[in-house]
Amino acid sequence: MRQGWTVDRLRGELDRGLARVVVADLEGRLAGHAIGWAVAGEAQILDVRVAEWARRRGLGGRLVDALVEACEGEVALLEVRADNVAAIGLYGALGFVVNGRRSAYYPDGTDALLMQRPA
Ligand SMILES: CC(C)(COP(=O)(O)OP(=O)(O)OC[C@H]1O[C@@H](n2cnc3c(N)ncnc32)[C@H](O)[C@@H]1OP(=O)(O)O)[C@@H](O)C(=O)NCCC(=O)NCCS
């Protein structure tokens with residue numbers, strides 16, 4: 001996933017009919033979000049983020065599952081930085097498998113891994 005989510009970009013996504021956003025509330029605080037597109041029978045996961053203070057409590061997994069359900073797709077797809085150990089661990093734990101690699105996809109030259117699983 002490319003970084004750089006801003007309020008304006010989020011607003012723009014929400015104006016598109018394809019966008020789905022789920023948020024996590026923990027102890028009355030915004031603890032995380034997941035953003036995706038529901039397109040052509042696919043759940044395309046664009047961004048998943050959990051606040052540092054709320055990590056390793058299962059929220060990331062619940063956000064991904066809720067987003068995929070909201071997209072009502074048959075398959076869930078994403079791309080992730082090849083050096084993002086936490087995210088690759090999360091998606092692996094959720095049953096995603098690597099099915100491709102984009103060389104030097106990110107501006108700093110890091111590869112992107114393409115991952116997917118049946119929704
Ligand atoms: C990736 C991220 C969303 C995970 O959120 P989280 O709420 O901590 O994840 P969960 O608690 O649901 O973790 C579920 C499983 O994922 C794996 N996992 C999560 N964080 C991990 C880490 N740092 N290292 C290795 N595995 C990890 C583990 O298998 C974990 O299960 P366990 O805690 O029982 O061992 C969070 O670290 C984050 O916001 N990172 C910064 C943003 C980011 O990189 N987003 C992904 C963009 S593609």
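A.B. asks: Before we go on, may I ask you to explain the site of the ligand in this structure?
C.D. replies: Contacts to the ligand come from 19 residues, most closely from Val48, Val50, Gly58, Gly60 and Asn84. Here an oxygen atom of the ligand and a side-chain polar atom of Arg55 are 3.4 Å apart. Protein burial of the ligand: of its 920 Å² of free accessible surface, 74% is covered by the chains. Of all the elements in the fold, those that place two or more residues in the shell around the ligand are strand S3 (42-50), helix H2 (59-71) and helix H3 (85-93). For the shell around the ligand, the element with the highest residue contribution is H3, accounting for six residues. Residue composition of the shell around the ligand, by class: ten nonpolar, five polar and four charged.

A.B. asks: Sorry, what's going on with the side chain of Arg81 here?
C.D. replies: Locating Arg81 in the fold gives a position in strand S4 (residues 75-81). At 2.7 Å, the side chain of Arg81 forms a polar contact with the side chain of Asp108. A polar contact of 2.9 Å, which involves the side chain of Arg81, links it to the side chain of Thr110. Once residues within four sequence positions are removed from consideration, Arg81 is found in contact with Ile88, Tyr106, Asp108, Thr110 and Asp111.

A.B. asks: I would appreciate a short explanation of the packing of aromatic side chains in the present structure.
C.D. replies: We describe a pair of aromatic rings using the distance from one ring centre to the other and the angle between the two ring planes. What the rule picks out here adds up to two aromatic pairs. For the pair Tyr105 and Tyr106, a centre-to-centre distance of 5.1 Å together with 85 degrees between the ring planes defines the contact as edge-to-face. Between the NZ or CZ atom of Arg81 and the centre of the ring of Tyr106, over which it lies, the distance is 5.3 Å.

A.B. asks: Just checking my understanding: could you explain the pairing of strand S6 (residues 112-118) for this structure?
C.D. replies: Note that S4 and S6 share seven bridges and pair antiparallel. Within S6, the residue paired with Val80 across the bridge is Leu113. Where strand S5 (residues 97-102) and S6 come together, five bridges link them in antiparallel fashion. Across the sheet, the residue bridging to Val97 is Gln116, located in S6.

A.B. asks: Even after reading the chapter, I still don't get the environment of Arg102, so can you show me in this structure?
C.D. replies: Looking at where Arg102 falls in the secondary structure, it is placed in strand S5. Exposure remark for Arg102: the relative accessible area of 37% places this residue in the partly exposed category. Linking Arg102 and Ala38, residues 64 residues apart in sequence, is a C-alpha distance of 22 Å. Not counting residues up to four positions away in its chain, the partners in contact with Arg102 are Glu79, Asp111, Ala112 and Leu114. Among the polar contacts listed, one links the side chain of Arg102 to the side chain of Glu79, at a separation of 3.0 Å.

A.B. asks: What am I meant to see in the side chain of Glu79 here?
C.D. replies: Tracing the backbone through its elements, the reader meets Glu79 in strand S4. According to the relative accessible area criterion, Glu79 is buried, its value standing at 17%. For Glu79, the side chain forms a polar contact with the side chain of Tyr105, separated by 2.7 Å.

Criteria and thresholds
- Residues numbered from 1 in each chain as written.
- Predicted model: local features only at pLDDT ≥ 70, side-chain atom pairs only at ≥ 80, totals over all residues.
- Heavy atoms only, no water.
- Near = heavy atom within 4 Å.
- Polar contact = N/O pair within 3.5 Å; in protein donor to acceptor, adjacent residues only side chain to side chain.
- Areas by Shrake-Rupley, 256 points an atom, 1.4 Å probe, with all protein chains shown as cover.
- Helix = DSSP H or I, 4+ residues; strand = E, 2+ residues; numbered from the N terminus.
- Nonpolar A, V, L, I, M, F, W, Y, C, P; charged D, E, K, R; others polar.
- Contact = heavy atoms within 4.5 Å.
- Phe/Tyr/Trp six-rings, centres within 6.5 Å; stacked < 30°, edge-to-face > 60°.
- Lys NZ or Arg CZ within 6 Å of the ring centre and 35° of its normal.
- Pairing = 2+ DSSP bridges.
- Buried < 20%, exposed > 50% of the residue type's maximum accessible area, 1.4 Å probe, protein only.

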